[in-house]
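Report on the structure
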Amino acid sequence: MPHRKLARRRGPDPARALAYRVLREVSEGAYANLALGQALADARLDARDAAFVTELVAGTCRLAGTYDRVLAAASGRDVARLQPALLDVLRLGAHQLLSMRVPAHAAVGAGVELAAAEVGEKVAGLTNAVLRKVAARPLDAWLAALSAGEDAVGALALRTHHPRWIAEEYVRLLGDEAEEALAANNVSPVPTLVVRPGLADLSELGGEPTRWSPFGARRPGNPADVDAVRQGRAGVQDEGSQLVALALAEASGGEGPADADAPGAAPWLDLCAGPGGKAALLAGLAADGGRRLVASEVAEHRARLVAQALRAYSGDHAPAVLCADGTAPPWREASFARVMADVPCTGLGALRRRPEARWRRRPGDVDDLVPLQRSLLASALDAAAPGGVVAYVTCSPHHRETTEVVGAVLQASGRSVTPLAPASPLPPDALLAGGPFVQLWPHRHATDAMFLALLRVDN
Ligand SMILES: C[S@@+](CC[C@H](N)C(=O)[O-])C[C@H]1O[C@@H](n2cnc3c(N)ncnc32)[C@H](O)[C@@H]1O
């Protein structure tokens, strides 16, 4: 009888039960990092259990598509036909069996307990049967079996745990280097911190200084342990994001309608500022040169995050925060000396920091984003004063979001625009072949795969 079986069960262990609940939230649309952070804060686990839950959640999310192929083969059915809650239990089990050193009997037993408690006693038998089949082969053997019949890109996608369309784009961009680049997306980076210029000193961050940005440091552990971060005088920011902001600040453009020190000197604009990472660095760099940053963002809740990120700045050149649609802006044309257009994108350049993102994104997302990206870049060019410089930035290397957008907008623009090579420090191999645009990569530079086009508006 079902209730007798339940009575004999020990119930799922708390760490796996917590990981399962976070996975359920992610399956329903939550961001893994945010859901996990909140769950760990609420549960107050010791460091060892917290690390175990983190690996269970991040690893399962990162390889979910691969595990779904394994589970489909092991269960003899398309995983779309399994109850979503059961699928999360099975993915969690597959991760322990294939990528962690959890003994098979422990992983299968824990999966059965979890399935019985969270989904229902009647799926316990199926869970047991499927996980035993998964346990019968190591991951390499599963990948070899599943690769049979795949072409080279399909096998690459499977080996590196990416959907095919992303592997295809990496091959298009990088050729033989694609495998190394895709593999780099499977390694979580050490957190990188950044000082707000003028508000904190690099020595306050601890850790190892970043290679090219003079404002950053890599520091393992919880960033909130650093006083300057808690006080808003420093923040968390990938080195790639620091470098593109710095490149805009140090670009060799005219200074807009007025000299830097003159009253009314042309301000700088961050057109898509939320949640405020680049704005917080730009605000300090602008203030350093006697300028003021206007940080604008369309979503109200994200505009509040921008204000929070900028809270430590005060005085004459303290930044202003606006909530505005960058494609229909309230400001006058040709009024900013520098414009940052860090547009919404697929985020394919930040996959190592967002475990679930690769499986959530669809090729159609690129189609949806491109018109907005073009419109925001056109608006950024309109906002720049003669001689002013625009930075078009994406945290995606996808050619349709990067070079294609820039090419199309420049062709349609009525303004004369000169692409510029950055004057600020950058890795030597960061320039895209055949042009002054920048493409950073995790496997080469240990940064997110940021794209930057610096564009000087000549008239
Ligand atoms: C890639 S994020 C910017 C990241 C930010 N620069 C940072 O470093 O923290 C893009 C932002 O653009 C905002 N956005 C989307 N459509 C917009 C629009 N029409 N006008 C202004 N901002 C927009 C999104 O809400 C999102 O916050």
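Residues numbered from 1 in each chain as written. Predicted model: local features only at pLDDT ≥ 70, side-chain atom pairs only at ≥ 80, totals over all residues. Heavy atoms only, no water.

1. So, the packing of aromatic side chains
Going through the model one piece at a time under the given rule, you end up with four aromatic pairs. Aromatic pair Tyr 170 and Trp 441: ring centres 5.6 Å apart, planes at 65 degrees, arrangement edge-to-face. Highlighted residues: Tyr 170 in helix α11 (residues 164–174) and Trp 441 in the loop between β11 (438–439) and α20 (442–445), separated in sequence by 271 residues. Of the residues examined, Tyr 170 reaches a relative accessible area of 2% and is grouped as buried. Centre to centre, the rings of Phe 437 and Phe 451 are 5.9 Å apart; their planes meet at 70 degrees, and the pair counts as edge-to-face. Of this pair, Phe 437 sits in the loop between β10 (417–420) and β11 while Phe 451 sits in strand β12 (residues 451–457); the two residues are 14 residues apart in sequence, bridging distant segments of the chain. Like Phe 451, Phe 437 is buried. Among the aromatic residues, those joined into a cluster by ring pairs are Tyr 392, Phe 437 and Phe 451. (Phe/Tyr/Trp six-rings, centres within 6.5 Å; stacked < 30°, edge-to-face > 60°. Helix = DSSP H or I, 4+ residues; strand = E, 2+ residues; numbered from the N terminus. Buried < 20%, exposed > 50% of the residue type's maximum accessible area, 1.4 Å probe, protein only.)

2. Considerations on the site of the ligand
Among the 19 residues in the neighbourhood of the ligand, the closest are listed as Gly 277, Glu 297, Arg 302, Gly 326 and Asp 342. One nitrogen or oxygen atom from the main chain of Cys 272 is found 3.2 Å from a nitrogen atom belonging to the ligand. At 3.5 Å from an oxygen atom of the ligand is found a main-chain nitrogen or oxygen belonging to Pro 275. When the ligand is considered free in solution it has 600 Å² of accessible area, and contact with the protein chains removes 86% of it. (Near = heavy atom within 4 Å. Polar contact = N/O pair within 3.5 Å; in protein donor to acceptor, adjacent residues only side chain to side chain. Areas by Shrake-Rupley, 256 points an atom, 1.4 Å probe, with all protein chains shown as cover.)

3. A few points about the side chain of Glu 401
Topologically, Glu 401 is positioned in the loop between β9 (384–394) and α19 (403–412). Despite its burial, Glu 401 pairs with no opposite charge; the closest candidate is Arg 361, at 7.1 Å N-O. A distance of 2.7 Å separates the side chain of Glu 401 from the side chain of Ser 396, its partner in a polar contact. Non-local contacts of Glu 401, meaning those with residues more than four positions away in its chain, are made with Cys 345, Thr 346, Val 366, Leu 369, Gln 373, Tyr 392, Thr 394 and Ser 396. (Lys, Arg positive; Asp, Glu negative; His and termini not counted. Salt bridge = Lys/Arg side-chain N within 4 Å of Asp/Glu carboxyl O. Contact = heavy atoms within 4.5 Å.)

4. Some remarks on the sheet that holds strand β3 (residues 216–218)
The four strands are arranged β2-β3-β1-β4 in an open sheet whose pairing can be described as antiparallel. Of all strands in the sheet, those with a lone pairing partner are β2 (208–209) and β4 (234–236), marking the two edges. By the bridge criterion, two bridges tie β2 to β3 in an arrangement that is antiparallel. Residue Glu 208 lies in a different strand from β3, and its bridge partner there is Arg 218. (Pairing = 2+ DSSP bridges.)

5. Here's the deal with the pattern of salt bridges
Under the definition given, this model contains 22 salt bridges. Two residues, Arg 233 and Glu 204, come together in a salt bridge whose shortest N-O distance is 2.9 Å. A residue pair is termed long-range when its members are at least 10 positions apart, and Arg 233 in the loop between α13 (227–230) and β4 and Glu 204 in the loop between β1 (192–195) and β2 qualify at 29 residues. A residue is classified by how much of its surface remains accessible, and Glu 204, at 34% relative accessible area, is partly exposed. Notably, a salt bridge pairs Arg 352 with Asp 238, separated by 2.8 Å at the nearest N-O pair. Pair noted here: Arg 352 is in the loop between β8 (336–342) and α17 (357–360) and Asp 238 is in the loop between β4 and α14 (239–249), with a separation of 114 residues, a long-range link. For the pair formed by Arg 352 and Asp 238, the shared burial category is buried. The structure contains a network of salt bridges with shared partners spanning Arg 24, Glu 28, Asp 68, Asp 88 and Arg 91.

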